[in-house]
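# What the coordinates show
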Amino acid sequence: MPDDRPSELLPQFPILGQPVHLSNDYVSWLLDRLQHGIGTHVVTMNAEIVIYANRDPELSSIIHNAQLVTPDGSGIIMALKLHNVVQPRYAGIDLGEDLLRWAGNQEQYPVFFYGGKPQIVQQAAQKWQTELPNLKIAGVEHGYLDAEAESKLLRQIQATQPKIILVALGMPRQEIWIRDNFHLCPQAIWIGVGGSFDVWSGVKNRAPQYIRNLDLEWLYRILQEPSRWRRALALPQFAILAIAERIRGQDKAH
Ligand code: UDP
């Protein structure tokens, strides 16, 4: 009997109308699909994306169609907790690193790095090539291309058929770009990794573990990049809406 298990999606829970998939082992689920030749668009969900998507039907539709939406931000974990759903946080950068470490021992699963500033994406890819000498890198391209260079990039991606495509263009550009180009490599994992290349290249620091354990990685990012404060306004807004959603649910139950 054919094994069709990997095509099944993980259970999901809606947070303010946006789905989040639940699992204790996203990587095994993803790799199972990859090894069966089934592609996956991964969206790494946080409070800011939920707020944005609720105002932007295009992004909302992309998220609803993504085969995997992971709980990237601590706001998502908090909102799940309000509904008694216990789910550990899995940051997009950690998922990216876990996939790279796995691919580092699998020559038939080449990786593509796309996005970020020219030197940064080179440094990020170099870091991983040094750490994982057997990692097969199908290509490295920065995220500030003109239309002609982007068409060339798309031809390169189609020709090399990478199996893991890391896209760092920022939200929502990376999600839209993946939706538009997924058909070029329908067997690959496509994941928007935001500022991960900046961290891997060494130009930005990731919050230390004790800050992450306090669920304050978002605050650390604002302190490191004060220009992000405006984007952070989505966080209290999300918290208020998530609590209101929970209270409304409780009222309905009584
Ligand atoms: N970026 C890019 N092309 C653009 C705009 C942004 O490659 O036209 C890159 C930028 O250099 C940075 C990443 O996208 O590396 C966005 O990082 P950010 O931390 O803002 O990600 P987000 O939190 O929006 O997902």
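The structure this text deals with has already been given above.
The shown structure was predicted, so the numbers you read here are calculated from the model rather than taken from an experiment. (Residues numbered from 1 in each chain as written. Predicted model: local features only at pLDDT ≥ 70, side-chain atom pairs only at ≥ 80, totals over all residues. Heavy atoms only, no water.)

### Looking at the side chain of Ser-60
Structurally, the position occupied by Ser-60 is in helix 3 (residues 57-65). Setting aside residues no more than four positions away along its own chain, Ser-60 makes contact with Gln-18 and Ala-53. (Helix = DSSP H or I, 4+ residues; strand = E, 2+ residues; numbered from the N terminus. Contact = heavy atoms within 4.5 Å.)

### With respect to the site of the ligand
Around the ligand sit 17 residues in total, of which Gly-116, Gly-143, Tyr-144, Arg-173 and Arg-221 are the nearest. Between Tyr-144 and the ligand, the recorded distance is 2.9 Å, taken from a side-chain N or O atom to an oxygen atom. One of the backbone N or O atoms of Ala-168 is found 3.1 Å from an oxygen atom in the ligand. Contact with the protein chains removes 81% of the 550 Å² of surface that the ligand exposes when unbound. Of the residues belonging to the shell around the ligand, the class tally is 4 nonpolar, 7 polar and 6 charged. (Near = heavy atom within 4 Å. Polar contact = N/O pair within 3.5 Å; in protein donor to acceptor, adjacent residues only side chain to side chain. Areas by Shrake-Rupley, 256 points an atom, 1.4 Å probe, with all protein chains shown as cover. Nonpolar A, V, L, I, M, F, W, Y, C, P; charged D, E, K, R; others polar.)

### Some remarks on the packing of aromatic side chains
Throughout the structure, instances matching the rule amount to 8 aromatic pairs. Both rings, one in Phe-113 and one in Phe-197, keep their centres 5.7 Å apart while their planes meet at 50°; by these two values the pair is tilted. Residue Phe-113 is found in strand 5 (residues 111-115), and its partner Phe-197 is found in helix 9 (residues 196-201); the two are separated by 84 residues along the sequence. Residue classification places Phe-197 among the buried residues on the basis of a relative accessible area of 1%. Consider the rings of Phe-197 and Trp-200, whose centres lie 5.9 Å apart with planes at 35°: the pair is tilted. With Phe-197 and Trp-200 both in helix 9 and 3 residues apart, the pair spans about one turn of that helix. Across this residue pair, the class does not change: Phe-197 and Trp-200 are buried. In textbook terms, an aromatic cluster arises when at least three aromatic residues are bridged by ring pairs, as seen for Phe-113, Trp-128, Phe-197 and Trp-200. The positively charged end of Lys-127 is found above the aromatic ring belonging to Trp-128, 4.6 Å away from the centroid. (Phe/Tyr/Trp six-rings, centres within 6.5 Å; stacked < 30°, edge-to-face > 60°. Buried < 20%, exposed > 50% of the residue type's maximum accessible area, 1.4 Å probe, protein only. Lys NZ or Arg CZ within 6 Å of the ring centre and 35° of its normal.)

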